[in-house]
Amino acid sequence: MSNRNRGELIEAVETARAHIRRGNDYYDSGKFEKAVAEYNKAVELEAEIAPHFWGGNPYAVVYNNRGVSYENTEQYDKSISDFSKAIDLEPERAIYYINRGRSYDMIDIKVRAVHDFSRAIQLEPDNNAAYFGRAMVHSDLRELDRAVEDINKALELNPRGPGVETVHYLVRAETRFKQRKFFKAFADLWIALARLPLSLFQRESDQDAAFRSG
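Residues numbered from 1 in each chain as written. Predicted model: local features only at pLDDT ≥ 70, side-chain atom pairs only at ≥ 80, totals over all residues. Heavy atoms only, no water.

J.: So what exactly am I meant to see when it comes to the side chain of Lys 110 here?
T.: Along the polypeptide, Lys 110 turns up in helix H7 (residues 110-123). Apart from the residues within four sequence positions on either side, Lys 110 is in contact with Asp 105, Val 137, Asp 140 and Leu 141. (Helix = DSSP H or I, 4+ residues; strand = E, 2+ residues; numbered from the N terminus. Contact = heavy atoms within 4.5 Å.)

And the structure:
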């Protein structure tokens with residue numbers, strides 16, 4: 001039970017909201033260390049003021065975003081802890097399992113990574129990122145048929161943006177090389193190459209020309 005009066009609670013809630021907003025701004029601009037600092041200040045107030053937030057408790061998103069910030073500074077134990085807290089608060093959000101699965105993958109805890117990606121798929125059967133993340137882990141584990149099956153599903157779900165789709169084909173090519181299915185692997189490489197933007201080749205050509213003229 002808080003010892004603060006109503007006015008003090010309202011002020012504390014608004015202070016926490018301000019830290020969360022600044023944290024989100026830093027997060028969106030890729031300034032992850034500054035985002036963590038703001039989220040930390042908001043978390044310090046959580047136990048006391050979270051029940052008094054109007055419009056829903058925002059702390060699941062705070063923990064998720066702080067987890068991603070830790071992940072981007074390669075502090076994977078901290079990121080896993082924060083994703084777990086987000087899951088405790090909102091256990092039906094697939095993105096939290098996907099993010100934790102990526103962190104588990106980065107520290108080579110593959111079984112837990114597969115479990116989290118699979119849970120995300122249960123929650124959102126059409127989630128491209130969950131299938132692709134699980135495919136990457138299956139490929140690392142040499143479970144190659146499962147990896148290809150998941151990449152196929154990810155491609156079927158129409159990954160967002162041509163760059164993402166290109167990565168899917170490249171990973172499937174790598175997996176098919178491991179399977180020694182060389183014809184299919186080269187076919188995937190050709191598809192990936194065809195999806196690269198022409199501007200990339202023009203830029204490389206300009207750089208080569210500048211080098212030769214120099």
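J.: Explanation requested: helix H11 (residues 182-194) in the structure shown.
T.: Since the α-helix advances by 3.6 residues per turn, residues separated by three or four positions end up pointing in the same direction. An ideal rise of 1.5 Å per residue puts 18 Å on 13 residues; H11 measures up with 18 Å between its terminal C-alpha atoms. Within the span of H11, buried status applies to Ala 185, Asp 188 and Ala 192. Relative to the axis of H11, the buried residues are bounded by an arc of 60° and lie together on one face. For H11, the exposed residues set more than 90 degrees away from the buried face come down to Phe 183, Phe 186, Trp 190 and Ala 194. (Expected span 1.5 Å × (residues − 1). Buried < 20%, exposed > 50% of the residue type's maximum accessible area, 1.4 Å probe, protein only. Arc of directions from axis to C-beta.)

J.: It is not clear to me how the packing of helix H8 (residues 128-140) against helix H9 (residues 144-156) should be interpreted in this structure. Could you clarify?
T.: The packing of two helices is summarised by the inter-axis angle and the distance between the axes. Two numbers describe how H8 lies on H9: the axes approach to 8 Å, and their chain directions differ by 160°. As summarised for this structure, H8 and H9 are arranged roughly antiparallel, according to the angle between their axes. Considering how the two elements wind past one another, H8 and H9 form a crossing that is left-handed. Contacts between H8 and H9 pair Asn 128, Tyr 131, Phe 132, Arg 134, Ala 135, His 138 and Ser 139 from the former with Leu 144, Arg 146, Ala 147, Asp 150, Ile 151, Lys 153, Ala 154 and Leu 155 from the latter. Along the lines of polarity and charge, the residues of the contact of H8 with H9 split into eight nonpolar, three polar and four charged. (Axes fitted to C-alpha atoms, helices over the stretch in contact; angles between N-to-C directions. Parallel < 35°, antiparallel > 145°, perpendicular 65-115°, else oblique. Left-handed = near helix turned anticlockwise from the far one by under 90°. Nonpolar A, V, L, I, M, F, W, Y, C, P; charged D, E, K, R; others polar.)

J.: Sorry, what's going on with the packing of aromatic side chains here?
T.: What characterises a pair of aromatic rings is the spacing of the ring centres plus the angle enclosed by the ring planes. Throughout the structure, instances matching the rule amount to four aromatic pairs. In this structure an aromatic cluster arises from ring pairing among Phe 177, Phe 182 and Phe 186. One residue, Arg 119, lies across the ring of Tyr 97, its end atom 5.9 Å from the ring centre. (Phe/Tyr/Trp six-rings, centres within 6.5 Å; stacked < 30°, edge-to-face > 60°. Lys NZ or Arg CZ within 6 Å of the ring centre and 35° of its normal.)

J.: Just checking my understanding: could you explain the packing of helix H1 (residues 6-28) against helix H2 (residues 32-44) for this structure?
T.: At a minimum axis separation of 8 Å, H1 and H2 run at an interaxial angle of 165°. In this view, H1 runs roughly antiparallel relative to H2, as classed from their interaxial angle. Like other packed secondary-structure pairs, H1 and H2 cross with a definite hand, here left-handed. Of the residues in H2, those in contact with Ala 16, His 19, Ile 20, Arg 22, Gly 23, Asn 24, Tyr 26 and Tyr 27 of H1 are Phe 32, Lys 34, Ala 35, Glu 38, Tyr 39, Lys 41 and Ala 42.

J.: Even after reading the chapter, I still don't get the nonpolar core, so can you show me in this structure?
T.: Soluble globular proteins tend to pack their nonpolar side chains together in the buried interior. Counting 41 residues, the largest nonpolar core has Ile 49, Tyr 59, Val 62 and Ala 120 as the members making the most contacts within it. Leaving out residues up to four positions away in the same chain, Ile 49 has contacts with Leu 9, Ala 12, Val 13, Ala 16 and Tyr 59. (Core = buried A, V, L, I, M, F, W, Y, C linked by side-chain atoms within 4.5 Å.)

J.: Teacher, can you tell me more about the side chain of Arg 134 here?
T.: With respect to the secondary-structure elements, Arg 134 resides in helix H8. Here Ser 118 takes part through its side chain, which lies 3.0 Å from a polar atom of the side chain of Arg 134. Dropping the residues within four chain positions of it, Arg 134 is found in contact with Val 114, Phe 117, Ser 118, Ile 121 and Asp 150. (Polar contact = N/O pair within 3.5 Å; in protein donor to acceptor, adjacent residues only side chain to side chain.)

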